[in-house]
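Tertiary structure, described
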Amino acid sequence: MFGDKLKEARMAKGLKQSELGDLLNLKNTTISNWEKGVSNPDVEVVSKLCSILNVSASYFFDDMAK
């Protein structure tokens, strides 16, 4: 699930939801909603997430295709 992978990568970087939100110019509630599976980021934001968290897009989506 995207949200689980996001939380895992965020925590591995030592970032709080609010800190990641600040880096993306988004509210921490948006990050929380992504992690809970309530909503998902658009493609442009996924690209930024990959850069900030130092992961590839496949990190988030490989398991979802199965």
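In this report, the structure presented in the accompanying data block is examined. Not measured: the values here are computed from a predicted model. (Residues numbered from 1 in each chain as written. Predicted model: local features only at pLDDT ≥ 70, side-chain atom pairs only at ≥ 80, totals over all residues. Heavy atoms only, no water.)

1. Let's talk about the packing of helix α2 (residues 17-24) against helix α4 (residues 43-53)
- Closest axis-to-axis distance for the α2/α4 pair is 11 Å, and the angle between their directions is 120°. Considering their axes alone, α2 and α4 lie oblique with respect to each other. Seen from above, α2 lies across α4 with right-handed handedness. Contact residues: Leu20, Leu23 and Leu24 in α2; Val45, Lys48, Leu49, Ile52 and Leu53 in α4.
- Residues that form the contact of α2 with α4 fall into these classes: seven nonpolar, no polar and one charged. (Axes fitted to C-alpha atoms, helices over the stretch in contact; angles between N-to-C directions. Helix = DSSP H or I, 4+ residues; strand = E, 2+ residues; numbered from the N terminus. Parallel < 35°, antiparallel > 145°, perpendicular 65-115°, else oblique. Left-handed = near helix turned anticlockwise from the far one by under 90°. Contact = heavy atoms within 4.5 Å. Nonpolar A, V, L, I, M, F, W, Y, C, P; charged D, E, K, R; others polar.)

2. A few points about the environment of Asn33
- Counting through the fold element by element, Asn33 comes out in helix α3 (residues 28-36).
- Taking the C-alpha atoms as reference points, Asn33 and Gly3, separated by 30 residues in sequence, lie 8.3 Å from one another.

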